[in-house]
Protein chains: 2
Amino acid sequence: MSVGATVGRPRDPEVDERITRAAAEVFGGEGWARFSVDAVARRAGVGKASIYLRWPNKEALLVAVFASRLSGVRDIDTGSLRDDLVALARQVLHAFLDESGGAVLRLMLEVESIPAGQEHLDRFLQSQATAARAIVHRGIDRGQLRPDISVTLLLNTISGGALNHALTTPSRSRAKVAANADRYAEELVDFVLASVTAP
Amino acid sequence: MSVGATVGRPRDPEVDERITRAAAEVFGGEGWARFSVDAVARRAGVGKASIYLRWPNKEALLVAVFASRLSGVRDIDTGSLRDDLVALARQVLHAFLDESGGAVLRLMLEVESIPAGQEHLDRFLQSQATAARAIVHRGIDRGQLRPDISVTLLLNTISGGALNHALTTPSRSRAKVAANADRYAEELVDFVLASVTAP
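Values in this document were obtained by computation on a predicted structure and should not be read as measured data.

Residues and elements named next belong to chain A. Looking at chain A, the domain boundaries give domain 1 (13–68) and domain 2 (71–193). Just the C-alpha atoms count here: the centres of domain 1 and domain 2 sit 26 Å apart. Across the contact, 14 residues belong to domain 1 and 13 residues belong to domain 2. Between domain 1 and domain 2, roughly 1100 Å² of surface is buried when both sides are summed, and carbon and sulfur atoms account for 67% of that area. The largest per-residue losses of area from domain 1 upon contact with domain 2 belong to Phe 27, Trp 32 and Phe 66, which jointly make up 45% of the total buried on that side. Run the count over domain 1 and domain 2 and you get zero salt bridges.

This is the structure we're talking about:
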């Protein structure tokens, strides 16, 4: 059990969550150049001391954001190729559309100026590639996918189709689009799995 | 003919080009919050006076970036559905991978804090949607596309497939990936047009 600096008073996980959510929002909205403990404290509605009690500096706070909110996607074996891909597409969509979605995009864009940015981004992208490869192998084994399928192109069209959908959503519609994300994931996967050309 | 403030000396278009390229790079790399005439002058290797001779302030300079480098994509009627889509995918890829590619991504991410950002982004996205619709209509007319095809999903998978490819390219590989963009565009379109599922 992790105990805060105030003697005998355990850390409140609700405050941890509020701070990392605020940090994800500040980072996503303002970028690394304007990311500060001060800005995060203001958005979270806590004192700066509450943040420094938990993280020594803004670099450590950003690592906590990536650890808690960009943990990557998981391979979910539903027993069906289509549903495996829908589960993958849903996770990618939610990573981009959730309140910390801006943080992923910001990491992609500013990766070179962010401390350990490339490692965090690689872990996120690697989790997608690993899940996609596992899904494709099961699909080939079941005879549902052509054995020569390109995992990269499958991932680029599904993950990119999710990304484009999120990026072209104005922020005023974000909540509505996020609420419909599960259905969009199905449409996207069905589109990629079906031939679009006329028979 | 536009003539600069220095009497009798016409503006040098090579300098215009050098300044807007530098401005695109500063905006793409640093974002609107750190975009300044000073930073652009340093990167372009010109005096600030050369910039103020052409644009009254940084807002006007950014508009020049969008006008000269984010003019959008064009519908190219090649006579073939596949080649029309390849031409579209190539333009989108180059928009993201060229030296000003970061500027498009930055506009998408920071649209709300950028002066007239939404108008510029809408014009860019609208040009893609208009081109995609025209290509799809010709494809349906020729009997090559199912009449019930979703233009949005076609565009999201092709444009998103281009975007994901660009975003997952580390900057050290950007020149190499840009050089192979035309071939990637063909692979992406062939992937989307073909069914990936086993017959």
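Under the defined criterion, the tally for this structure stands at two cavities of 30 Å³ or more. In terms of lining, the largest cavity is formed by Leu 105, Leu 109 and Leu 167 of chain A together with Leu 105, Leu 109 and Leu 167 of chain B. Mapped onto the lining of the largest cavity, the elements with two or more residues apiece are α6 (101–110) of chain A together with α6 (101–110) of chain B. Here the lining of the largest cavity is composed, by residue class, of six nonpolar, no polar and no charged. Considering only enclosed or pocket space, the second largest cavity measures out at about 30 Å³ in volume. Forming the boundary of the second largest cavity are Thr 157, Phe 191 and Val 192 of chain A together with Phe 191 and Val 192 of chain B.

The next subject is the interface of chain A and chain B. Each partner contributes to the interface: chain A provides 40 residues, whereas chain B provides 40 residues. Summing the contributions of chain A and of chain B, the shared interface buries around 3700 Å²; its carbon and sulfur component is 63%. When residues of chain A are sorted by the area they lose upon contact with chain B, Leu 109, Phe 191 and Val 196 of chain A head the list and together hold 17% of the total. For Glu 110 of chain B, the salt bridge goes to Arg 106 of chain A, with nearest N and O atoms at 2.8 Å. Between chain A and chain B we count six residue pairs in polar contact (both at pLDDT 80 or more) in total. Every element with two or more residues in the side of chain A that touches chain B is listed here: α6, α8 (151–167) and α10 (181–193) of chain A. The greatest single-element share of the side of chain A that touches chain B, amounting to twelve residues, is contributed by α8 of chain A.

Notably, Ala 116 of chain A is not glycine yet its phi reads approximately 60°, a positive angle. Summarising the element assignment, Ala 116 of chain A is placed in the loop between α6 and α7 (117–141).

Our next topic: the UniProt feature "domain: HTH tetR-type" (unreviewed entry) in chain A. Those places that UniProt annotates as "domain: HTH tetR-type" (unreviewed entry) correspond, in this numbering, to residues 13–73 of chain A. Here residues 13–73 of chain A runs as 70% helix and 0% strand, with 23 Å between its end C-alpha atoms.

Least-squares fitting of chain A to chain B yields an RMSD of 0.0 Å, with the transformation described by 0.0 Å of translation along the axis and a rotation of 180°. Put plainly, the chains are arranged around a two-fold axis. When the interface residues of chain A are mapped onto chain B, 100% of them again fall at the interface, so both copies present the same face.

Residue and element names in this part refer to chain A. On inspection of all chains with the given rule, the structure shows 38 salt bridges over all chains. For Arg 82, the salt bridge goes to Asp 83, with nearest N and O atoms at 3.3 Å. Judged by relative accessible area, Asp 83 falls into the partly exposed class, the value being 33%. Overlapping salt bridges bring together Arg 82, Asp 83, Arg 90, Asp 182, Glu 186 and Asp 190 as one network.

Calculation criteria
- Residues numbered from 1 in each chain as written.
- Chains lettered and ligands numbered in written order.
- Predicted model: local features only at pLDDT ≥ 70, side-chain atom pairs only at ≥ 80, totals over all residues.
- Heavy atoms only, no water.
- Domains from an automatic or database assignment.
- Contact = heavy atoms within 4.5 Å.
- Buried area = accessible area lost by both parts, 1.4 Å probe.
- Salt bridge = Lys/Arg side-chain N within 4 Å of Asp/Glu carboxyl O.
- 1 Å grid on protein atoms, 1.4 Å probe; cavity = no way out; pocket = protein on both sides within 12 Å on 5 of 7 lines; lining within 4 Å.
- Points joined across faces, edges and corners; volume = space filled by probe spheres on them.
- Helix = DSSP H or I, 4+ residues; strand = E, 2+ residues; numbered from the N terminus.
- Nonpolar A, V, L, I, M, F, W, Y, C, P; charged D, E, K, R; others polar.
- Polar contact = N/O pair within 3.5 Å; in protein donor to acceptor, adjacent residues only side chain to side chain.
- UniProt positions renumbered as here; feature names shortened; annotations may be inferred.
- Least-squares fit on C-alpha atoms with pLDDT ≥ 70 in both.
- Buried < 20%, exposed > 50% of the residue type's maximum accessible area, 1.4 Å probe, protein only.

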